Amino acid sequence: ALLSRPAGRLRACRGLAAGPEMHFGFQTVTEEERREKIYQVFESVAKKYDVMNDSMTLGIHRVWKDTLMHKMNPSPGTLLLDVAGGTGDIAFRFINYVRSVRERQLQRKLKHHQNLSWQEIFESYQKDKFNSLGDSQVVVCDINREMLKVGKQKAQHLGYSEGLSWVLGNAEELPFDNDKFDVYTIAFGIRNVTRIDLALQEAYRVLKPGGRFLCLEFSHVSNPLLSRLYDLYSFQVIPVLGEVIAGDWKSYQYLVESIRRFPPQEELKAMIEDVGFFKVDYENLNFGIVAIHSGFKL
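None of these values were measured; they are calculated from a predicted model.

Participant: Could you give an account of the pairing of strand 3 (residues 79-83), naming the residues involved and the relevant values?
Facilitator: Buried residues dominate strand 3, accounting for five of its five residues. On strand 3, burial covers both faces: Leu79, Leu81 and Val83 on one face and Leu80 and Asp82 on the other are all buried. Alignment of strand 3 against strand 4 (residues 137-142), held across five bridges, turns out to be parallel. Bridged to Leu79 within strand 4 is Gln137.

Laid out in structure tokens, this is it:
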């Protein structure tokens, strides 16, 4: 029911003019070449993506994603679109969070009805068991088939099925109608879209009035000493880890370079405001190694 627009051109503009020159890491390429190269990067790393995330960040990426979820603070009934979330990390956290909120709500309700019989308590729990998300739903949208494949396998292995769907789609041309979602998230994905401005416009379009935009992304470190140490680690260690763990030096060299090419916090904030979002702000985590940008569609 959510797929009202045709999924269409997943590798958008194929066959049209290649477009202006852009950056792929520290290389200069055409728009179409960048799109293809990024697709190939994530097709290559999909199977080792989660292992590499743990290795590169020493597991801290899990804390960052937890922080994003607490900042979102979704309530039962929330409809979430998670873009570029193929392996399901944000989606699974969303489901867990909403389930825990529902459980607390049920416990509070039962505490306020001390005179309930055992049978009434049992029936109440049974009823809640079959609606543990309170009509919440998360749609994972990713342009890369391999990333979605990995996410679906994880969901099956971990037992996630209720309130979860997977859609092949391009962040720059989302296959959804206007004003559909309560929350839009994109975690470690926006720097890999070809046109950030188009992705932000699409985020604004598919959100309901009052909906919230949340972006978790690597950013720019404010402390000069830490920045130098971070650069040393990024360029000397991460590509080596990529070669040892994933057998892919070049993809992780690109990922490091793409972080350095990504707009700093204030510039990204201005871009989010330019498409119409209000109350835009950001929170630096670990001195700006990553930042969470937030905005509202009013």
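Participant: Lay out the pattern of salt bridges in plain terms, naming residues and giving numbers.
Facilitator: Counted under the stated rule, the structure contains 13 salt bridges. Its salt-bridge partner being Asp89, residue Lys65 comes within 2.7 Å of it at the nearest N-O pair. Of this pair, Lys65 sits in helix 3 (residues 60-72) while Asp89 sits in helix 4 (residues 89-111); the two residues are 24 residues apart in sequence, bridging distant segments of the chain. Judged on exposure class, the residue Lys65 and its partner Asp89 are both buried.

Participant: If you had to explain the packing of aromatic side chains to someone new, which residues and values would you point to?
Facilitator: By the definition in use, this model includes nine aromatic pairs. Ring geometry for Trp64 against Phe188: centres 6.2 Å apart, planes inclined by 50°, an arrangement best described as tilted. Separated by 124 residues along the polypeptide, Trp64 in helix 3 and Phe188 in the loop between strand 6 (181-187) and helix 7 (196-206) bring together distant segments of the chain. Of the two residues, Trp64 and Phe188, both sit in the buried class. With a centroid separation of 4.6 Å and an interplanar angle of 5°, the aromatic rings of Phe92 and Tyr160 are classed as stacked. Within this pair, whereas Phe92 is found in helix 4, its partner Tyr160 is found in the loop between helix 6 (145-158) and strand 5 (164-168), the two being separated by 68 residues in sequence. A relative accessible area of 6% places Phe92 in the buried class. In this structure Tyr160 comes out as buried when scored by relative accessible area, which is 14%. Each residue in the set Tyr184, Tyr204, Phe213 and Phe277 is aromatic and connected to the rest through ring pairs, giving one cluster.

Participant: Any chance you could break down a nonpolar patch on the surface for me, citing the residues and the numbers?
Facilitator: On the surface, Leu58, Ile60 and Val63 cluster together to form a nonpolar patch covering roughly 290 Å² of accessible area. Tracing the backbone shows Leu58 in the loop between helix 2 (49-57) and helix 3.

Participant: Tell me about the sheet that holds strand 6, and name the residues and values.
Facilitator: With mixed pairing, seven strands are arranged side by side in an open sheet as 5-4-3-6-7-9-8. Unpaired on one side and paired on the other, strand 5 and strand 8 (278-285) mark the two borders of the sheet. The average undirected angle you get between the axes of adjacent strands in this sheet is 15°. In this sheet, strand 7 (residues 207-218) lies alongside strand 6 in parallel orientation, the contact comprising six bridges. Across the sheet, residue Tyr184 finds its bridge partner in strand 7, namely Phe213. Against the sheet, helix 6 touches strand 4 and strand 5, its axis set at about 165° to strand 5.

Participant: Account for the environment of Gln236, naming residues and giving values.
Facilitator: Relative to the helices and strands, Gln236 is located in helix 8 (residues 224-236). Using a relative accessible area of 53% as the deciding quantity, one classes Gln236 as exposed. In sequence terms Gln236 and Gln253 are 17 residues apart; their C-alpha atoms lie 9.5 Å from each other.

How each quantity is defined
- Residues numbered from 1 in each chain as written.
- Predicted model: local features only at pLDDT ≥ 70, side-chain atom pairs only at ≥ 80, totals over all residues.
- Heavy atoms only, no water.
- Buried < 20%, exposed > 50% of the residue type's maximum accessible area, 1.4 Å probe, protein only.
- Helix = DSSP H or I, 4+ residues; strand = E, 2+ residues; numbered from the N terminus.
- Pairing = 2+ DSSP bridges.
- Salt bridge = Lys/Arg side-chain N within 4 Å of Asp/Glu carboxyl O.
- Phe/Tyr/Trp six-rings, centres within 6.5 Å; stacked < 30°, edge-to-face > 60°.
- Patch = residues over 30% accessible without salt bridge, like charges linked within 9 Å, V, L, I, M, F, W, Y side chains within 5 Å.
- Areas by Shrake-Rupley, 256 points an atom, 1.4 Å probe, with all protein chains shown as cover.
- Axes fitted to C-alpha atoms, helices over the stretch in contact; angles between N-to-C directions.
- Contact = heavy atoms within 4.5 Å.

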